[in-house]
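Coordinate analysis (summary)
So you can see what is in the structure, the chains are spelled out below.
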Amino acid sequence: MNFDIARKRMVESQIIGRGITDRRVIEAMLKVPRHLFVEEAMAAQAYSDSPLPIGEKQTISQPFMVALMTELLHLKGTEKVLEVGTGSGYQAAILAETAGRVYTVERIRPLALRARKVLDSLGYLTINLKIDDGSGGWEGEAPFDAIMVTAGAPEVPQSLVEQLAPGGRLVIPVGSQFEQVLVRITRNADGTITHEESVGCRFVKLVGKCGWLSEE
Ligand code: SAM
């Protein structure tokens, strides 16, 4: 299988074809080798239009969802960004291509270790990865210009909103454990908060002190 051709087709049909216009996001999706972030047996499906299992009952998100969430953050390349839910590490690599400094948190150790290995092998050495409950953010490194949560929360964690810099954006799936809506929170420079809703989606649970209290 020619992965370069598969990736280009994915971007044309699933990303540009569905209305993603941010050049930085498109270039990142063209560049990052998604097939290396999934298990070898799954590599042939890496560019298909769906999430895929990555072990530990978790998933790598659908390519379109990765692109949409990144586009919603309006990144210019200089931002300090936090991702909650490293999973495979793929989204962190996309953020490294579209933002400035990237911080990412994963609660499941084997996933975090695998993601670190793949990211290092691809040269993403400056991505900061921590094994922890990230549902309350990364207090020691706040504030962030952008925060992305790649797991579904019952409500928007207040501590994440508080860790946004003035003008900062938070994108997070919010809803029940079965379906959510993608929400963007902006902490405006004057201190007010803007709440916007995007598409419906279905993510695994954000498990932690500011998310769902149990995996079940
Ligand atoms: N962004 C990932 C990628 O590119 O592969 C996909 C993330 S997957 C849909 C959601 C991830 O969030 C899982 O790996 C899960 O273990 C993690 N997660 C859930 N709750 C978390 C928490 N409180 N803190 C950190 N990670 C969490």
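Reference entry: report on the structure contained in this document. (Residues numbered from 1 in each chain as written. Predicted model: local features only at pLDDT ≥ 70, side-chain atom pairs only at ≥ 80, totals over all residues. Heavy atoms only, no water.)

**Overview of the site of the ligand**
Close to the ligand lie 28 residues; S88, E106, D133, G134 and V207 are nearest. Within the side chain of S88, a nitrogen or oxygen atom sits 2.6 Å from an oxygen atom of the ligand. Across the complex, the protein chains shield 99% of the 600 Å² of accessible surface that the ligand would expose by itself. Here the ligand is seated within the largest pocket. Where the shell around the ligand is concerned, the elements lending two or more residues are β2 (58-60), β3 (80-84), α4 (90-98) and β4 (101-106). Top element by residues in the shell around the ligand is β2. It accounts for three residues. Each residue belonging to the shell around the ligand can be placed in one class, and the counts come to ten nonpolar, twelve polar and six charged. (Near = heavy atom within 4 Å. Polar contact = N/O pair within 3.5 Å; in protein donor to acceptor, adjacent residues only side chain to side chain. Areas by Shrake-Rupley, 256 points an atom, 1.4 Å probe, with all protein chains shown as cover. 1 Å grid on protein atoms, 1.4 Å probe; cavity = no way out; pocket = protein on both sides within 12 Å on 5 of 7 lines; lining within 4 Å. Sits in = over half its atoms within 2 Å of the grid points. Helix = DSSP H or I, 4+ residues; strand = E, 2+ residues; numbered from the N terminus. Nonpolar A, V, L, I, M, F, W, Y, C, P; charged D, E, K, R; others polar.)

**Digging into the layout of surface pockets**
As a volume, the largest pocket reaches approximately 630 Å³. Lining of the largest pocket is provided by 37 residues; of these, Q58, T150, A151, V204 and K205 occupy positions nearest its centre. Within the residue set of the lining of the largest pocket, elements represented by two or more residues are β2, β3, α4 and β4. Considered class by class, the residues forming the lining of the largest pocket number 14 nonpolar, 13 polar and ten charged. (Points joined across faces, edges and corners; volume = space filled by probe spheres on them.)

**A few points about the pairing of strand β7 (residues 164-175)**
Within β7, nine of the twelve residues are buried, leaving the element largely enclosed by the surrounding structure. Bridging between strand β6 (residues 144-149) and β7 involves four bridges; their strand directions are parallel. Across the sheet, the residue bridging to A146 is R169, located in β7. In this structure, β7 lies alongside strand β8 (residues 180-187), joined through seven bridges in antiparallel fashion. Along β8, the bridge assignment pairs G175 with Q180. (Buried < 20%, exposed > 50% of the residue type's maximum accessible area, 1.4 Å probe, protein only. Pairing = 2+ DSSP bridges.)

**Quick look at α4**
With respect to burial, α4 is a largely interior element, seven of its nine residues being buried. Three or more residues of α4 are buried, namely Y90, Q91, A92, A93, I94, L95 and T98.

**Focus: empty space enclosed by the protein**
Applying the stated rule across the entire model yields one cavity of 30 Å³ or more. The computed volume of the largest cavity comes to approximately 50 Å³. For the largest cavity, the full set of lining residues is F37, V38, E39, I54, G87, S88, L111, R114 and A115. Take the lining of the largest cavity: its biggest share by element is three residues, from helix α5 (residues 109-121). Of the residues in the lining of the largest cavity, the class split is five nonpolar, two polar and two charged.

**Brief notes about the nonpolar core**
Grouped together as the largest cluster of nonpolar side chains are 46 residues, with contacts concentrated most on I20, M29, F37, Y90 and L182. Contributions of two or more residues to this core are made by α1 (3-16), α2 (23-31), β1 (52-55), α3 (63-72), α4, α5 and β6. With seven residues, the single largest contributor to this core is α3. Setting aside residues up to four positions removed in sequence, F37 forms contacts with V32, I60, S88, G89, Y90, A93, R114, V118, L119 and L122. Judged by nonpolar contacts, the second largest core, of 19 residues, contains V84, Y103, A151 and V183. (Core = buried A, V, L, I, M, F, W, Y, C linked by side-chain atoms within 4.5 Å. Contact = heavy atoms within 4.5 Å.)

**Some details on the packing of aromatic side chains**
For the structure on display, the rule yields four aromatic pairs. On the numbers, 6.4 Å between centres and 50° between planes, the contact of F3 with Y47 is tilted. Here the residue F3 occupies a position in helix α1, and Y47 occupies one in the loop between α2 and β1, the gap between them amounting to 44 residues. By relative accessible area, F3 is classed as partly exposed at 22%. Taking relative accessible area as the criterion, Y47 reaches 6% and is therefore assigned buried. (Phe/Tyr/Trp six-rings, centres within 6.5 Å; stacked < 30°, edge-to-face > 60°.)

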